[in-house]
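# Observations on the model geometry
Spelled out from the first residue to the last, the chains are:
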Amino acid sequence: MQAMMDALVKTEAKKGLVLQRMPVPEPGMGEVRIKIHKTAICGTDVHIYNWDPWSQEHIHPPMIVGHEYVGEIEKLGEGVTAYHVGQIVSGEGHIVCGHCRNCRAGNGQWCKFTKGVGVDRSGAFAEYIVIPAHNVIPIPEGIDEDVVSFFDAFGNATHTALMFDMIGEDVLITGAGPIGMMATAICKKNGARSVVVTDINDYRLELCKKMGATQTVNVSRDKVEDIFAERRIVEGFDVGLEMSGSGSALNTMIENMRNGGKIALLGIQQPGTQINWNHVIWKGLTLQGIYGRKMFETWYKMITMVEGAWILRPSSRTDFTIRTLTRALRL
Ligand SMILES: [Zn+2]
Ligand SMILES: [Zn+2]
């Protein structure tokens, strides 16, 4: 008889998710089956729950959703030798083709033929998930599983924050959501001279201060350029990390960059967003789009950043992932 498991499923093309019994997936050749311990909720899952235009285009029900998780390998498919049953792992949520130009160059995050876990194929909001062994991320002993369950998003923050050299740079982060908060700590840890965070939510800006922001600006009241004198920023920001998806935040960032400055774009902009292209041209700005995590360099960096801090504070435990990461990444 087919073994069954609980799973959260997008059963129909409408708002909502349904908890229902689904078959336990069998690992094929080169795949592993992971018993899920913990998951985290991504913005993508909220889009899918709400059945917004993006999900209507990308999700074909029935689909088990979820792609941020930690668990243990429970069964190895044929030919998998690099991992063992019982190993604590997470998984890269993009399953790439492995033979296109980008994949072969080690840039799997740009694979045109990528399939998303919990989007194009069965996801992690279930008792078990099957993924290719290539996507397995082994987790060293001692890292809190609450933190690991959130590594997918931490990876977005790490990928964006480490796109450009940070040492001695004045950094502007627009958007104080969880990813902006984590990026704040990563920039500080990686040698930024100052990290200025903007948002319109005082509570979130306060959390950014706890993550090590040099200064925060609520742009519904104040202007970011007004802090330049106090922070001795003479020519503008060297690096910008756009994490809000707000067109006005992006424009403010472009206006306040130093000539030759570099911007990493993670926030998803509304269609039709306009920017002042002549600022980009005359200032010689670099704009770099960010997607997912570098495969698999970002994972290596994030594990070592957390692990390095953990060794200093092995007893750190909390029930709130952001706070846990603050502590883990604290300077
Ligand atoms: Zn995610
Ligand atoms: Zn590819």
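Calculation criteria
- Residues numbered from 1 in each chain as written.
- Chains lettered and ligands numbered in written order.
- Predicted model: local features only at pLDDT ≥ 70, side-chain atom pairs only at ≥ 80, totals over all residues.
- Helix = DSSP H or I, 4+ residues; strand = E, 2+ residues; numbered from the N terminus.
- Rg over C-alpha atoms; globule rule 2.2 N^0.38 Å.
- Buried ≥ 20, exposed ≤ 12 C-beta atoms within 10 Å, placed from the backbone.
- Contact = placed C-beta atoms within 7 Å.
- Domains from an automatic or database assignment.
- Axes fitted to C-alpha atoms, helices over the stretch in contact; angles between N-to-C directions.
- Parallel < 35°, antiparallel > 145°, perpendicular 65-115°, else oblique.
- Left-handed = near helix turned anticlockwise from the far one by under 90°.
- Nonpolar A, V, L, I, M, F, W, Y, C, P; charged D, E, K, R; others polar.
- Pairing = 2+ DSSP bridges.
- Arc of directions from axis to C-beta.
- Core = buried A, V, L, I, M, F, W, Y, C linked by C-beta atoms within 7 Å.

### Focus on the overall build of the protein
When you go through the protein residue by residue, the secondary structure sums to twelve helices and 16 strands. Computed over its C-alpha atoms, the radius of gyration of the protein comes to 21 Å, within 12% of the 20 Å expected for a compact globule of 331 residues. Along the three orthogonal principal directions, the C-alpha set of the protein runs to about 70 × 45 × 40 Å. Within the protein, the proportion of its 331 residues that are buried is 45%. Within the protein, residue pairs in contact and separated by at least 24 positions form 67% of the contacts whose partners lie at least 6 positions apart.

### Examining the domain arrangement of the protein
With domains assigned, the protein is organised as domain 1 (4–139) and domain 2 (155–289). Between the C-alpha centres of domain 1 and domain 2 the distance comes to 31 Å.

### Observations concerning the packing of helix H5 (residues 151–161) against helix H6 (residues 178–189)
Between H5 and H6, whose axes approach to 8 Å, the crossing angle comes to 50°. Our classification of the angle between H5 and H6 gives oblique. Seen along the crossing, H5 lies across H6 with a hand that is right-handed. Mapping the contact onto sequence places Ala153, Phe154, Asn156, Ala157, Thr158, Thr160 and Ala161 in H5 and Pro178, Ile179, Met182, Ala183, Ile186 and Cys187 in H6. Across the contact of H5 with H6, the residue classes break down as ten nonpolar, three polar and no charged.

### A short note on the pairing of strand S3 (residues 31–40)
It is a general feature of regular strands that their side chains alternate between the two faces of the sheet. Summarising the sheet, S3 and strand S9 (residues 128–132) pair through five bridges and their orientation is antiparallel. Following the sheet pairing, lysine 35 is matched in S9 by tyrosine 128. Here S3 runs beside strand S5 (residues 68–76); their pairing, made up of eight bridges, is antiparallel. For isoleucine 36, the partnering residue across the bridge sits in S5 and is glycine 71.

### Here's the deal with the sheet that holds strand S2 (residues 18–23)
Judged by pairing direction, the sheet is antiparallel, and its three strands sit side by side in the order S2-S1-S4 without closing on themselves. Whereas interior strands pair on both sides, the edge strands pair on one side only; in this sheet they are S2 and strand S4 (63–64). By the bridge criterion, six bridges tie strand S1 (residues 4–10) to S2 in an arrangement that is antiparallel. In the strand pairing of S2, valine 9 is matched with valine 18.

### Here we look at the environment of cysteine 42
With respect to the secondary-structure elements, cysteine 42 resides in the loop between S3 and helix H1 (43–50). On the basis of neighbour count, cysteine 42 is assigned to the partly exposed category, with 19 C-beta atoms found within 10 Å. Here the alpha-carbon distance between cysteine 42 and threonine 216, two residues 174 residues apart in the chain, equals 25 Å. With residues near it in sequence (within four places) discarded, cysteine 42 still touches His67, Glu68, Asp152 and Ala153.

### So, H1
Listed as buried for H1 are Thr44, Asp45 and Ile48. Taken end-on, H1 shows its buried residues confined to a sector of 100°, consistent with a single buried face. Residues of H1 that are exposed and angled more than 90 degrees away from the buried face: Val46 and Asn50. Tucked into the core, H1 has its buried residues touching S1 and helix H2 (53–58).

### As for the pairing of S5
By the bridge criterion, two bridges tie S5 to strand S6 (residues 88–91) in an arrangement that is antiparallel. Bridged to glutamate 72 within S6 is isoleucine 88.

### Some words on the sheet that holds S5
One open sheet accounts for five strands, arranged S9-S3-S5-S6-S10; its pairing is antiparallel. Because the sheet does not close on itself, it has two edges, and the strands there are S9 and strand S10 (136–138). Direction aside, the axes of adjacent strands within the sheet are offset by 45° on average.

### Comments concerning the environment of isoleucine 88
Along the chain, the position of isoleucine 88 falls in strand S6. The class for isoleucine 88 is partly exposed, based on 18 C-beta atoms found within 10 Å. Counting along the chain gives 53 residues from isoleucine 88 to lysine 35, while the straight-line C-alpha distance between them is 9.5 Å. Those residues in contact with isoleucine 88 that sit more than four places away from it in its chain are Val70, Glu72 and Ile139.

### A look at the nonpolar core
In terms of nonpolar packing, the biggest core is built from 84 residues, with Ala126, Val171, Ala183 and Leu241 touching the most fellow members. The dominant element in this core, judged by the number of residues it contributes, is H6, at seven residues. If near-sequence neighbours (up to four positions away) are discounted, alanine 183 is found in contact with Ala157, Thr160, Ala161, Ile173, Leu241 and Met243.

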